[in-house]
Amino acid sequence: MLTTFFTKTQPIKKRIAWAAQNSRVTSSVFFHTTQANDNSEKAAVNALRARLGLSLLDAQVFEKAMTHMSLKEEENNKDLRFIGKRVTGLFATEFFHVKYPQLHPSAFEKTLSAFIGSKSFAQIATEVGMQHTVRWNRPEKDDDKLGLSTVLADCLHAVIGAIYQEQGMEAAKRFVHDFVLARDMDIRRLIPLDEPKRQLTALLRQAGKPRAESRILSETGRLSSAPVYVVGVFSKEEKLAEGFGSSIKMAEFRACQNALINHYGQEQKDFILPSDADKVEKYTPAPLGTSQALI
């Protein structure tokens, strides 16, 4: 599961610690509105609002975001969720497009899914304690697909929609970056590496560079039972990557894989997002990456 590679963001850590010290909210169940105590429910919602740094967000709007659309007879978060998902997708796409301009398209899609998919959002919502405040209608039949994880993801999207609706784009973007995009994950493991030599050949041909050549950089134990070879892959004099293995073929295979990772996983350290172009005196667009080469 991709979300298992994530670590909690600093804002989440700090606000959870704050909640542990200051909040007296119990883990009462609010799944059925008829069983919830109004005062306890409002206290839980207000505590969550504070943990998320949303004390200035209208309380009624936040409560609406916490009311899942499965409660059809009430004013629910259906519209806020719709807005939140689109806004989140925009911010995430912009961020990863600029940070990893050469990222392989399939890896890009997997990265977006890992960060803003339902599983990731349910995990974030659970970390901040949203499971104690959401209001929803639990299906009577066990075979219905609606579960708490889906509800939590929907409500977190609705919160983002509420922030966007009430406080504007900058506030929503800041929330998404703090709670969603600030998480750590090695996106390079998502890059497809099958047939690496053919992929690398096609990539160099697309870039107009000389074809790849493999060269043995070092070796030890050729006549022993445990030889080790280090092979470098070059485009003329440019060293693209190196790899090691118990055979020359294995070392070459890994070198080509590493070359693909180096290319598609290029990370821009200093960049300005297009949505922040109006905040700087002179905006220089980030480099626009090319699509993957066709084999």
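Up top you'll find the structure we're talking about.
Predicted, not measured: the structure shown is a model, and the values here were computed from it.

1. Describing the overall build of the protein
Consideration 1: When you go through the protein residue by residue, the secondary structure sums to ten helices and three strands.
Consideration 2: The order of α-helices and β-strands along the protein, N terminus first, is α-α-α-α-α-α-α-α-α-β-β-β-α.
Consideration 3: Within the protein, residue pairs in contact and separated by at least 24 positions form 64% of the contacts whose partners lie at least 6 positions apart.
Consideration 4: Approximately 16,400 Å² of the protein is accessible, and the part contributed by carbon and sulfur atoms is 50%.

2. Section: the pairing of strand S2 (residues 228-235)
Consideration 1: Summarising burial for S2: seven of the eight residues are buried, a large majority.
Consideration 2: Two elements, strand S1 (residues 212-220) and S2, share eight bridges in a ladder whose sense is antiparallel. Looking at the pairing, Ala 212 lines up with Ser 235 of S2.
Consideration 3: The pairing of S2 with strand S3 (residues 238-245) spans seven bridges and is classified as antiparallel. From the neighbouring strand, Val 233 faces S3, where its bridge partner is Ala 241.

3. Considerations on the nonpolar core
Most often, soluble globular proteins keep nonpolar side chains buried together rather than apart.
Consideration 1: Ranked by size, the top nonpolar core spans 64 residues in total, and within it Leu 52, Phe 62, Phe 96, Met 130, Val 159 and Phe 175 carry the most contacts.
Consideration 2: In terms of domain composition, this core takes at least three residues from each of domain 1 (40-188) and domain 2 (196-265).
Consideration 3: Those residues in contact with Phe 62, other than ones at most four positions away along the chain, are Val 45, Leu 48, Arg 49, Leu 52, Leu 54, Leu 57 and Val 159.

4. Focus on the side chain of Ser 275
Consideration 1: In this fold, Ser 275 is placed in the segment after helix H10 (248-264).
Consideration 2: Setting aside chain neighbours within four positions, we find Ser 275 in contact with Glu 94, Met 169, Glu 170 and Lys 173.

5. Section: the sheet that holds S2
Consideration 1: Read from one edge of the open sheet, three strands run S1-S2-S3, paired in antiparallel fashion. The sheet is open, and its two borders are formed by S1 and S3, each paired with just one other strand. Within this sheet the neighbouring strands show an average axis-to-axis angle of 25°, counted without direction.
Consideration 2: Across the sheet, H10 lies against S1, S2 and S3, angled at about 135° from S3, the strand it touches most.

6. What about unusual backbone geometry?
Consideration 1: Notably, Glu 195 is not glycine yet its phi reads approximately 50°, a positive angle.
Consideration 2: Take Glu 195: it is sitting in the loop between helix H8 (169-181) and helix H9 (196-207).

7. Section: H8
It helps to recall that an α-helix has 3.6 residues per turn; residues three or four apart then point in one direction.
Consideration 1: Its 13 residues give H8 an end-to-end C-alpha distance of only 16 Å, which falls more than 12% under 18 Å, the value for a rise of 1.5 Å per residue.
Consideration 2: Within the sequence span of H8, burial applies to Ala 171, Ala 172, Lys 173, Phe 175, Val 176, His 177, Phe 179, Val 180 and Leu 181.

8. Some points on the packing of aromatic side chains
Consideration 1: Counted by the stated rule, this structure contains four aromatic pairs.
Consideration 2: Taking the centre distance of 5.1 Å and the plane angle of 70° together, the rings of Phe 95 and Phe 96 count as edge-to-face. Comparing Phe 95 with Phe 96 shows no difference in burial state: the two are buried.
Consideration 3: Arranged with centres 4.8 Å apart and planes meeting at 55°, the rings of Phe 96 and Phe 115 form a pair that is tilted.

9. Notes on the environment of Ala 286
Consideration 1: If you trace the backbone, Ala 286 turns up in the segment after H10.
Consideration 2: In the structure, Ala 286 is positioned 189 residues away from His 97 in sequence and 9.1 Å away in space, judged by C-alpha atoms.

10. Regarding the packing of helix H7 (residues 148-167) against H8
Consideration 1: Where H7 meets H8, the closest approach of the two axes is 6 Å, and the angle between their N-to-C directions is 150°. In terms of axis orientation, H7 runs roughly antiparallel to H8. Contacts between H7 and H8 involve Leu 156, Val 159, Ile 160, Ile 163, Tyr 164 and Gln 167 from the first element and Met 169, Ala 171, Ala 172, Phe 175 and Val 176 from the second.
Consideration 2: Grouping the constituent residues of the contact of H7 with H8 by class yields ten nonpolar, one polar and no charged.

11. Notes on the environment of Ala 226
Consideration 1: By secondary structure assignment, the location of Ala 226 is in the loop between S1 and S2.
Consideration 2: The contacts of Ala 226, once residues within four sequence positions are left out, are Thr 220 and Gly 221.

12. Considerations on the packing of helix H4 (residues 78-99) against helix H5 (residues 105-116)
Consideration 1: The N-to-C vectors of H4 and H5 enclose an angle of 130°; their axes lie 11 Å apart at closest approach. By the angle between their directions, the pair H4 and H5 is classed as oblique. The chirality of how H4 crosses H5 is right-handed. Residues Thr 88, Gly 89, Ala 92, Thr 93, Phe 96 and His 97 of H4 form the contact with H5, whose participating residues are Phe 108, Thr 111, Leu 112, Phe 115 and Ile 116.
Consideration 2: Partitioned by chemical class, the residues of the contact of H4 with H5 number six nonpolar, five polar and no charged.

Conventions we followed
- Residues numbered from 1 in each chain as written.
- Predicted model: local features only at pLDDT ≥ 70, side-chain atom pairs only at ≥ 80, totals over all residues.
- Heavy atoms only, no water.
- Helix = DSSP H or I, 4+ residues; strand = E, 2+ residues; numbered from the N terminus.
- Contact = heavy atoms within 4.5 Å.
- Areas by Shrake-Rupley, 256 points an atom, 1.4 Å probe, with all protein chains shown as cover.
- Buried < 20%, exposed > 50% of the residue type's maximum accessible area, 1.4 Å probe, protein only.
- Pairing = 2+ DSSP bridges.
- Core = buried A, V, L, I, M, F, W, Y, C linked by side-chain atoms within 4.5 Å.
- Domains from an automatic or database assignment.
- Axes fitted to C-alpha atoms, helices over the stretch in contact; angles between N-to-C directions.
- Expected span 1.5 Å × (residues − 1).
- Phe/Tyr/Trp six-rings, centres within 6.5 Å; stacked < 30°, edge-to-face > 60°.
- Parallel < 35°, antiparallel > 145°, perpendicular 65-115°, else oblique.
- Nonpolar A, V, L, I, M, F, W, Y, C, P; charged D, E, K, R; others polar.
- Left-handed = near helix turned anticlockwise from the far one by under 90°.

By themselves, these figures tell us nothing about what the structure is for.
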